[in-house]
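# Fold and geometry: a report
Residues per chain, in single letters:
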Amino acid sequence: MMRFQRTIKNTMAVEGIGLHSGRPVRMLLQPAAAGQGIVFIRTDLGGVEIAAAAENTSATSYATTLSRNNASIKTVEHLLAALAGLGIDNVTIEIDGEELPILDGSAAPFVRLIVEAGIQMQSLQRSTIKITKPIFVREGSKQVALWPADSPSISYFIDFDHPLLREQAMNIPVSEESFLRELADARTFGFLSDVQMLQANGLARGGSLENAVVLDEQKVLNKEGLRHRDEFVRHKILDLIGDLSLAGMPIIGHVVAHKAGHSLNARMVKKLLEHPECWTVIGSPAATRELPQEAHYQYQASL
Ligand SMILES: [Zn+2]
């Protein structure tokens, strides 16, 4: 099926604090030309441009960072997931600080912003990567694999040593509808026992029960509880969608992941791009005169 690139219709502003830096930041999402991709601009550094691309990616277990010319943009994964989830190919993001606002810790606020901005279809075709041979990365018991499949889907399994996280698994087709309905509002989570260690290392300084699910040894500390019984695995899938979007094209294949994280996701993207014998590109970015069909979404968060 022929798919067309998309941008947003209107410029939108959003403010918040960084999860790790704790600093306030302001961001502007702007429409961008077909073929541009997702580009961040650090307005506080004289306008350094940093494309959301594999070659600019570095990742830790805690967040995904983009860097270029000594400038960085941190914790990009939830915005990238929202953009990928809604099939937005081209957008320019001006930001006056180093870390994206964490907002409520999920992709839902970004989804609401994009839906409010409106989605503009563009006249260039979208290219996709179709997996033709299995490819995987592994680190101890953590693993991400990409298998050939006719349509995109993700199977994810986590088994942390915690009563609420011992075994959670989800198998989900990747579509705009499934992203909106099942994944977008799943929040970041963390363990209280890790918070002090993270803060001693200059991380999670903006972290609170407003923007993360926090667990002690037995239970969830957030008064409002969970948004989904299996919110944890849903958030891991959301992160994976954001991180895999750094391949530069949507991936058609079956992703099978076990306890992965941002650094392993980034390794998967790099390995994928280094092994073009494992995939083909479908759809060339040729212009068309046909008027692409408009996309309209309603997004009602469950909160
Ligand atoms: Zn996340």
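Residues numbered from 1 in each chain as written. Predicted model: local features only at pLDDT ≥ 70, side-chain atom pairs only at ≥ 80, totals over all residues. Heavy atoms only, no water.

Our focus in this paragraph is the domain arrangement of the protein. Domain boundaries assigned for the protein yield domain 1 (4-125) and domain 2 (128-282). Distance from the C-alpha centre of domain 1 to the C-alpha centre of domain 2: 18 Å. With 35 residues of domain 1 at the interface, the matching set in domain 2 holds 35 residues. Between domain 1 and domain 2, the buried area comes to about 2500 Å², and carbon and sulfur atoms account for 65% of it. Measuring nitrogen to oxygen at the nearest pair gives 3.0 Å for the salt bridge that ties R227 to D104. Taken together, domain 1 and domain 2 are joined by 18 residue pairs in polar contact (both at pLDDT 80 or more). Within the residue set of the side of domain 1 that touches domain 2, elements represented by two or more residues are strand 6 (57-59), strand 7 (64-68), helix 1 (77-85) and helix 2 (108-117). When residues of the side of domain 1 that touches domain 2 are assigned to their parent elements, the largest contribution, 7 residues, is made by helix 1. (Domains from an automatic or database assignment. Contact = heavy atoms within 4.5 Å. Buried area = accessible area lost by both parts, 1.4 Å probe. Salt bridge = Lys/Arg side-chain N within 4 Å of Asp/Glu carboxyl O. Polar contact = N/O pair within 3.5 Å; in protein donor to acceptor, adjacent residues only side chain to side chain. Helix = DSSP H or I, 4+ residues; strand = E, 2+ residues; numbered from the N terminus.)

This part covers the coordination of the zinc ion. Put simply, a metal with four donors set out as a tetrahedron has ideal angles of 109.5 degrees, and one with six donors set out as an octahedron has ideal angles of 90 or 180 degrees. For the zinc ion, the protein coordination sphere consists of H78 (NE2), H235 (NE2), D239 (OD) and D239 (OD), at 2.1 to 2.7 Å. Classification of the site at the zinc ion rests on its 4 donor atoms, whose angles at the metal span 53 to 150°, yielding the label irregular. One chain supplies every donor to the zinc ion, and in sequence these donors are spaced H-x156-H-x3-D. Placement of the pair is H235 and D239 together in helix 5 (residues 231-244), with a separation of 4 residues, close to one helical turn. (Donors = N, O, S within 2.8 Å, 3.2 Å for Na, K, Ca; no water. Tetrahedral: all angles 85-135°; square planar, octahedral: opposite > 155°, others 65-115°.)

Under the criterion given, the structure shown has 3 aromatic pairs. Aromatic pair F160 and F189: ring centres 6.1 Å apart, planes at 80°, arrangement edge-to-face. In this pair, F160 is assigned in the loop between strand 14 (153-158) and strand 15 (168-173) and F189 in strand 16 (residues 189-191), connecting sequence segments 29 residues apart. Exposure remark for F160: the relative accessible area of 22% places this residue in the partly exposed category. With a centroid separation of 5.0 Å and an interplanar angle of 85°, the aromatic rings of F189 and F232 are classed as edge-to-face. Taken together, the residues span a long stretch of sequence, with F189 in strand 16 and F232 in helix 5 at a distance of 43 residues. In this structure, F189 and F232 share a single accessibility class: buried. Site record: aromatic cluster; members linked through ring pairs are F160, F189, F191 and F232. Sitting over the face of the ring of F160, K259 holds its NZ or CZ atom 6.0 Å from the ring centroid. (Phe/Tyr/Trp six-rings, centres within 6.5 Å; stacked < 30°, edge-to-face > 60°. Buried < 20%, exposed > 50% of the residue type's maximum accessible area, 1.4 Å probe, protein only. Lys NZ or Arg CZ within 6 Å of the ring centre and 35° of its normal.)

Attention now goes to the pairing of strand 10 (residues 119-125). Buried residues dominate strand 10, accounting for 5 of its 7 residues. By the bridge criterion, 4 bridges tie strand 1 (residues 4-8) to strand 10 in an arrangement that is antiparallel. Among the inter-strand pairings, F4 is bridged to a residue of strand 10, identified as Q125. (Pairing = 2+ DSSP bridges.)

The next subject is the sheet that holds strand 5 (residues 48-51). The 5 strands lie next to each other as 2-3-9-4-5, forming an open sheet whose pairing is mixed. The sheet terminates laterally at strand 2 (12-17) and strand 5, the two strands that pair on one side only. Each strand axis lies, on average, 25° off the axis of its neighbour in the sheet, ignoring direction. The strands that helix 1 touches are strand 3 (24-31), strand 4 (38-42) and strand 9 (91-95); relative to strand 4, the one it contacts most, it runs at about 145°. Set on the sheet, helix 2 makes contact with strand 2 and strand 3; between it and strand 2 the angle comes to about 165°. (Axes fitted to C-alpha atoms, helices over the stretch in contact; angles between N-to-C directions.)

Quick look at the sheet that holds strand 12 (residues 135-139) now. In space, the 5 strands of this open sheet follow the order 12-13-19-14-15, with mixed pairing throughout. The two strands at the open ends of the sheet, each matched to only one other strand, are strand 12 and strand 15. Pairs of neighbouring strands in the sheet enclose a mean axial angle of 5°, with direction left out of account. Bridging between strand 13 (residues 142-147) and strand 19 (residues 254-258) involves 5 bridges; their strand directions are antiparallel. Within strand 19, the residue paired with V144 across the bridge is A257. Most of the contacts of helix 5 go to strand 14, to which it runs at about 130°, and overall it touches strand 14, strand 15 and strand 19.

Our focus in this paragraph is the pattern of salt bridges. With the rule as written, the count across this model stands at 17 salt bridges. E176 is the partner of R6 in a salt bridge, and the nearest nitrogen-oxygen pair spans 3.5 Å. Of the two residues, R6 is situated in strand 1 and E176 in helix 3 (residues 176-183); the sequence distance between them amounts to 170 residues. Each member of the pair, R6 as well as E176, is classed as buried. In this structure, E182 engages R234 in a salt bridge whose closest nitrogen and oxygen atoms are separated by 2.9 Å. Taken together, the residues E182 in helix 3 and R234 in helix 5 connect sequence positions 52 residues apart. Linked by salt bridges that have partners in common, R181, E182, D230 and R234 make up one network.

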